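Coordinate analysis (summary)
Okay, here's what each chain looks like letter by letter:
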Amino acid sequence: WYARWMGLPLVTTIHTQYEIYSKLVPLPDEMVDQYLRVRVRSYCNRCDLVTTPAESSRGRLRDLGVKRPIEVIYNPTDLSALWDADGAPIRKQYGCGPDDLLLGYVGRLAPEKNLSALLDAAEIILPQMPQVRLLLVGDGPSRPALEERARAIPGGDRIFFAGRIDHERVPQYDAALDLFITPSMFEVQPLSFAEAMAAATPVIAMDAPGGNDMVEDGVNGRLVPPNEQGRGLARIALEVLRDPAGLRQMSERARDWATRY
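Some remarks on the overall build of the protein
- Broken down by element type, the protein carries 12 helices and 9 strands.
- Over its C-alpha trace the protein gives a radius of gyration of 20 Å, about what one expects of a compact globule, namely 18 Å for 261 residues.
- Principal-axis analysis of the C-alpha atoms gives the protein an extent of 65 × 40 × 30 Å.
- For the protein, the residues scored as buried account for 49% of the 261 residues in total.
- Put simply, 66% of the contacts in the protein that link residues at least 6 apart link residues at least 24 apart.
- As displayed, the protein offers around 12900 Å² of accessible surface, 52% of which is attributable to carbon and sulfur atoms.

What follows is the structure, given as structure tokens:
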């Protein structure tokens, strides 16, 4: 309204799949989902230009019926602190020796991140590989339930929760990881992926929006079929961890790939 009143062009940016939050509204999911789709389409079609940071997001907006021009503009981030980050202190803190492997997730611990699937994967991986540890970095409403579940998993004493950390320390944590693993099904060019890859940490993600925008399967990480969930995360992670030479190559390519951001 203000843009029309002032005679100015209106540019908007869409960075979120709003429908994923429909379960948070105390109304039928289908009703809320349909309302959000209509509102997003109606708003975007009043704009002169729509930007979004991922190709999959542009496709989703087109599927919603957005007719206005849509440009993909990556979210840039300052990755300079990640190129030479030293993860050794973090690895030492969590008892990782030279032959140990540290898997991890850095981000919000919330229901939309689907982190129960990560613990499903840990339940398969940890008994098979006693040299593996899992580190979850971040905080959020899901943390108490995840911690309780972790205590019940065989090998759960090798699952650690770092809690909320200052962003300046993220490079150390990313550099400490051998693999960054996320089961999230709804992302739009997550900066956490770019940060992990800049620290030479490959990403295992779901073959879903966000994951398939930023992970080239077998190059800078691996993609997991969404229908496999935790079982698929475990299968792919075990394949990668049992191929040290392939993991090293993937780490190098991940760092090169991240330079586009």
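Some points on helix α12 (residues 244-258)
- Its 15 residues place the ends of α12 21 Å apart at the C-alpha level, agreeing with the 21 Å of an ideal helix rising 1.5 Å per residue.
- The elements touched by buried residues of α12 are β7 (179-181), α9 (191-198), α10 (211-214), β9 (221-224) and α11 (229-241).

Points about the side chain of Asn-220
- Here Asn-220 shows up in the loop between α10 and β9.
- Judged by relative accessible area, Asn-220 falls into the buried class, the value being 0%.
- A polar atom in the side chain of Asn-220 sits 2.9 Å from the backbone oxygen of Met-214.
- Those residues in contact with Asn-220, other than ones at most four positions away along the chain, are Met-197, Pro-202, Val-203, Met-214, Val-215, Met-250, Arg-253, Ala-254 and Trp-257.

Remarks on the packing of helix α6 (residues 116-128) against α11
- For the pair α6 and α11, the least separation of the axes is 7 Å and the interaxial angle reads 40°. Taken together, the axis directions place α6 and α11 in an arrangement best described as oblique. As for the relative orientation of α6 and α11, their crossing is right-handed in sense. Within the contact between the two elements, α6 uses Ala-117, Leu-118, Asp-120, Ala-121, Ile-124, Ile-125 and Gln-128 and α11 uses Gln-229, Gly-230, Arg-231, Leu-233, Ala-234, Ala-237 and Leu-238.
- Here the residues of the contact of α6 with α11 sort into 9 nonpolar, 3 polar and 2 charged.

Observations concerning a nonpolar patch on the surface
- A cluster of nonpolar side chains, namely Trp-1, Tyr-2, Trp-5, Met-6 and Leu-8, defines an oily patch on the protein surface of about 690 Å² accessible area.
- The topology assignment puts Leu-8 in the loop between α1 (2-6) and β1 (11-13).
- When its relative accessible area of 48% is taken as the criterion, Leu-8 is described as partly exposed.

Some words on the sheet that holds β7
- The 6 strands are arranged β6-β5-β4-β7-β8-β9 in an open sheet whose pairing can be described as parallel. Pairing within the sheet leaves two strands with one partner each, and these edge strands are β6 (159-163) and β9. Each neighbouring strand pair of the sheet contributes to a mean axis angle of 25°, computed without reference to strand direction.
- Bridging between strand β4 (residues 101-106) and strand β5 (residues 132-137) involves 6 bridges; their strand directions are parallel. Within β5, the residue paired with Gly-104 across the bridge is Leu-135.
- Set on the sheet, α9 makes contact with β4, β7 and β8 (203-206); between it and β8 the angle comes to about 155°.

Observations regarding the sheet that holds β1
- Overall, parallel pairing links the 3 strands, which are arranged β1-β2-β3 in an open sheet. Because the sheet does not close on itself, it has two edges, and the strands there are β1 and β3 (70-72). Averaged over neighbouring strand pairs, the angle between their axes works out to 25° when direction is ignored.
- Taken together, the 3 bridges between β1 and strand β2 (residues 49-52) define a ladder with parallel strand orientation. Across the sheet, the residue bridging to Val-11 is Leu-49, located in β2.

Some points on unusual backbone geometry
- Of note, the phi angle at Asn-114 is positive, near 60°, even though the residue is not glycine.
- For Asn-114, a relative accessible area of 17% corresponds to the buried category.
- Backbone geometry places Ala-200, a non-glycine residue, at a positive phi of 65°.
- Note that Ala-200 resides in the loop between α9 and β8.

Rules of the game
Residues numbered from 1 in each chain as written. Predicted model: local features only at pLDDT ≥ 70, side-chain atom pairs only at ≥ 80, totals over all residues. Heavy atoms only, no water. Helix = DSSP H or I, 4+ residues; strand = E, 2+ residues; numbered from the N terminus. Rg over C-alpha atoms; globule rule 2.2 N^0.38 Å. Buried < 20%, exposed > 50% of the residue type's maximum accessible area, 1.4 Å probe, protein only. Contact = heavy atoms within 4.5 Å. Areas by Shrake-Rupley, 256 points an atom, 1.4 Å probe, with all protein chains shown as cover. Expected span 1.5 Å × (residues − 1). Polar contact = N/O pair within 3.5 Å; in protein donor to acceptor, adjacent residues only side chain to side chain. Axes fitted to C-alpha atoms, helices over the stretch in contact; angles between N-to-C directions. Parallel < 35°, antiparallel > 145°, perpendicular 65-115°, else oblique. Left-handed = near helix turned anticlockwise from the far one by under 90°. Nonpolar A, V, L, I, M, F, W, Y, C, P; charged D, E, K, R; others polar. Patch = residues over 30% accessible without salt bridge, like charges linked within 9 Å, V, L, I, M, F, W, Y side chains within 5 Å. Salt bridge = Lys/Arg side-chain N within 4 Å of Asp/Glu carboxyl O. Pairing = 2+ DSSP bridges.

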